[in-house]
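# Fold and contact review
Spelled out, the chains give:
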Amino acid sequence: MSEFETWRSLLSERNTDEVVTKALVRDVRLPYGAGTMALITLDNGFDHTKPNTFGPHGLFALNGALSEIAARTDLVAVGVTGKPFIFAVGADLKGAASVTSREEAKAIGALGHHVFRRLGELGIPSFAFVNGAAMGGGLEIALHCSYRTISAGVPAVALPECFLGLVPGWGGTQLLPRLIGPQKAVKLIIENPLSNNRMIKGREAYELGVADAMFEPADFLEESLRWAARVVKGEVTVQRPAHDGWEKAVADARFLVDMKLRGAAPAPYRALDLIALAETASRDEGFAAEDEALADLLMSDELRAGLYSFDLVQRRAKRPAGAPDPSLARKVTKVGVVGAGLMASQMALLFARRLEVPVVLTDLDQARLDKGVGYVHGEVDKLLAKGRVSADQANRLKALVSGSLTKDAFADADFVIEAVFEDLAVKKQVFAEVEAVVPAECVLATNTSSLSLTAMGADLKHPERLVGFHFFNPVAVMPLLEIIRGAATDDATLATAFAVGKTLKKSSVLVKDAPAFVVNRLLTCFMGEVVAAVDEGTPLETAEHALDGLGLPMTPFALLQLVGPAVGLHVAETLHEAFPDRFGVSENMAKLVESGKPGVYLPDFTLDPEAVALFAGGASPSTAEQVRERVLAALAREIRIMLDEGVVAAPQDIDLCMILGAGWPFHLGGITPYLDRTGVAKPRFLAPGVASVPARFLSSLEEVRTRTSSPLHRIRRSVWCRPTNGE
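The rules behind these values
Residues numbered from 1 in each chain as written. Predicted model: local features only at pLDDT ≥ 70, side-chain atom pairs only at ≥ 80, totals over all residues. Heavy atoms only, no water. Phe/Tyr/Trp six-rings, centres within 6.5 Å; stacked < 30°, edge-to-face > 60°. Helix = DSSP H or I, 4+ residues; strand = E, 2+ residues; numbered from the N terminus. Buried < 20%, exposed > 50% of the residue type's maximum accessible area, 1.4 Å probe, protein only. Pairing = 2+ DSSP bridges. Axes fitted to C-alpha atoms, helices over the stretch in contact; angles between N-to-C directions. Core = buried A, V, L, I, M, F, W, Y, C linked by side-chain atoms within 4.5 Å. Contact = heavy atoms within 4.5 Å. Salt bridge = Lys/Arg side-chain N within 4 Å of Asp/Glu carboxyl O. Parallel < 35°, antiparallel > 145°, perpendicular 65-115°, else oblique. Left-handed = near helix turned anticlockwise from the far one by under 90°. Nonpolar A, V, L, I, M, F, W, Y, C, P; charged D, E, K, R; others polar. Polar contact = N/O pair within 3.5 Å; in protein donor to acceptor, adjacent residues only side chain to side chain.

Another aspect to go through is the packing of aromatic side chains. The tally for this structure, following the rule as stated, stands at 15 aromatic pairs. Seen in terms of ring centroids, Phe54 and Phe116 are 5.9 Å apart; in terms of plane orientation they differ by 80 degrees. Their pairing is edge-to-face. Separated by 62 residues along the polypeptide, Phe54 in the loop between strand S2 (35-43) and helix H2 (56-70) and Phe116 in helix H3 (residues 102-116) bring together distant segments of the chain. The two residues Phe54 and Phe116 agree in class, both being buried.

Now the structure itself:
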């Protein structure tokens, strides 16, 4: 029995409900008398909302079509294109978590290689006409072809496998570096997936050299066929330059991955090894190495964890638990923002861009107002310079945002949000003034990060219209929105808040009115245990790096420096007041705040000896392992209490908040299943089986690859709480 038949026997019974992408073949007479091309159209029979993917049966279908083409002697070329708007988005991973043997996992990689490489080994030129989204295995199909054209309208080109815990395993790590060079290949294979799963567009793919020619969408196929005819006739010659700099490109990328993950996730490192191998390996050797890597990673916990995380981000985030009937939401035609500081100005810009309604800021003096409105206008100018908005759009956005010294400007507002100092008395005064001028059904929203909504609305005439609307900084890019229901908040107000959050393209989670809500409560718990260990005598550097093995985006004291010691101390005091037995207030932290230092790091990112000295004096040091266990145990305890209190509807909502609002590593699969797996959580947070194998796996990579954002964070803006939504 041939290898192909072995793979067919092993894999044909898997994914019996696979949506098969068919390879539809038709003959096309090329222009200029160049001859006949067999044109393959990839089509799974559905519209663009269900992209083409490849499971075993789709690969068998493509292989059959290529066998028929290979048997013909009348063809001068073969072409591959996709259905409208979609080329192909890669492997169908339905059932990936249920692969039970390494043999099966390896067969998946080997089968893809066997089929795709035939495109480059038919004895006649092959052309990929990339008409739409091309990601993962879809891009790899194109790489196996002799030549590629791409539409200028293609919205997404990517190799996002490292985002989920895989590598491009059907030729991507070998063919792409040889085509465009190792440095550019590292960008697509490593950097972009680890930077919010960033996608590039058709024009950028062409500029990188992924495609040999680019044409406009209106007549893309026709122009591509004309170009192919000229290639066949020898009128167009495509040069393939040699590339160098492999060692430096891989070393630089390894440094970046180490900074970001600290060795915690295997997939990017395997991808780097494969890219390095591509410099000298034969095609057979390189593909065999990809098969081995894919076999290992398909069997890994990292993949299952990544799929669980993505399932949360794509499914649960789109259907917020406990949200009222959307039909109850009121229309928002004007927004008011109390305050004109940085946070308020960021909000104003976001409201104007997404809601496209007038936004009015208020503040105490004209200088502050001018600065706030000026910030918005400056950011719009940046968007214009980057081509993110047109000149007309830029003018409209600027016209939508204005300032006022009086709250009378809110008289016709439907939604007013405050972004003033985090002090209960100040916020109560603000809302008393706002309530006196706004319409009866105007929603009053607070961006508080820790204070009680119920207390905030205690003196309002209509506390039922007060809702928590907690953004994370920076507002434009952070995807999470904690929506807090106070004791009196009614369904119409809550529904309006969720509707606004959706229009803002945020992932909203309903949270009970509890101190510091979800993210800040758990981050304060985390930080509090680390600081307590240092107060007790643990060397600061030991405690600082005790959790490096998790691959967190920032160390604890780096996080503290980002948010500011004064803010950290304030939240700690708030939680200590609410839960004195579980949240302490560090005297040494108070000393750091009193010193005026921004944190324990100097501008060159070395430790500040004077700041470190403020934490000296403890006599009971811990080891790094003891600090790690202490932190995880405290987080498990606090999450258990939060669930018992009903702060959120389910453990999955804790996971969602931490992934989207705190940068909890995607590869760990959510904080509650991680604590379950490590044995810290007793009893388990999730139902048996959920922590290791999600109840619902993605049927394919189509969603992860068509989403231009993700909960992972840019290395240059690497902070605990900074995954982005693609802005």
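On to the sheet that holds strand S1 (residues 22-30), then. By definition, the strands of a sheet pair up through backbone hydrogen bonds, in either a parallel or an antiparallel sense. Ordered in space as S1-S2-S3-S5-S7-S9, the 6 strands form an open sheet in which the pairing is mixed. Because the sheet does not close on itself, it has two edges, and the strands there are S1 and strand S9 (213-215). Taken pair by pair, the neighbouring strands of this sheet meet at an average axis angle of 25 degrees, ignoring direction. By the bridge criterion, 3 bridges tie strand S7 (residues 147-151) to S9 in an arrangement that is parallel. By the bridge assignment, Ile150 is partnered in S9 with Met214.

With that out of the way, let us pick up the nonpolar core. One recurring pattern in soluble globular proteins is that nonpolar side chains are buried together. Core analysis: the largest hydrophobic core is formed by 159 residues, its most contacted members being Ile190, Phe557 and Ile654. Top contributing element to this core by residue count: helix H20 (residues 519-535), with 10 residues. The contact partners of Phe557, leaving out residues within four places of it in the chain, are Met527, Val530, Val531, Val534, Leu540, Glu544, Val600, Tyr601 and Phe615.

With respect to the secondary-structure elements, Ser224 resides in helix H9 (residues 220-232). Residue class for Ser224 comes out buried when judged on its relative accessible area of 0%. Residues in contact with Ser224, not counting those within four places in the same chain, are Phe129, Thr149 and Phe215.

Next up on the list: the sheet that holds strand S15 (residues 466-470). Reading across from one edge, S12-S11-S10-S13-S14-S15-S16-S17 is the order of the 8 strands in this open sheet, with mixed pairing throughout. Edge strands, defined here as strands with exactly one partner in the open sheet, are strand S12 (401-404) and strand S17 (507-512). Each strand axis lies, on average, 25 degrees off the axis of its neighbour in the sheet, ignoring direction. Here strand S10 (residues 335-338) runs beside strand S11 (residues 359-362); their pairing, made up of 4 bridges, is parallel. Bridged to Val337 within S11 is Leu361. Each of S10, strand S13 (415-418), strand S14 (443-446) and S15 touches helix H17 (residues 424-435); the most contacted strand, S14, lies at about 160 degrees to it.

This next bit is on the environment of Ser327. Locating Ser327 in the fold gives a position in the loop between helix H13 (301-314) and S10. Sequence separation of Ser327 and Ala495 is 168 residues, and the distance between their C-alpha atoms is 7.8 Å.

What follows deals with the pattern of salt bridges. Per the stated rule, a full pass over the model turns up 39 salt bridges. For Glu422, the salt bridge is made with Lys427, and the minimal N-O distance between the two is 3.4 Å. Accessibility assignment for this pair places Glu422 and Lys427 in one class, buried. Among the salt bridges present, the one from Glu625 reaches Arg628, with a minimum N-O distance of 3.9 Å. Here Glu625 and its partner Arg628 are both found in helix H26 (residues 624-645), 3 residues apart, which amounts to about one turn of the helix.

Relative orientation of the contacting elements H20 and helix H22 (residues 556-563) amounts to 120 degrees, with a least axis distance of 10 Å. In this view, H20 runs oblique relative to H22, as classed from their interaxial angle. The element H20 and its partner H22 pack so that their crossing is left-handed. Contacts from Leu523, Phe526, Met527, Val530, Val531 and Val534 of H20 reach H22 at Pro556, Phe557, Leu559 and Leu560. In terms of residue class, the contact of H20 with H22 is made up of 10 nonpolar, no polar and no charged.

Bringing the environment of Glu204 into the picture now. Turning to its location among the elements, Glu204 is positioned in helix H8 (residues 202-208). Overall, the relative accessible area of 23% leaves Glu204 in the partly exposed class. Distance from Glu204 to Val154, taken between C-alpha atoms, is 9.9 Å for residues 50 residues apart in sequence. Within the structure, the side chain of Glu204 is placed 3.3 Å from the side chain of Arg198, a separation counted as a polar contact.

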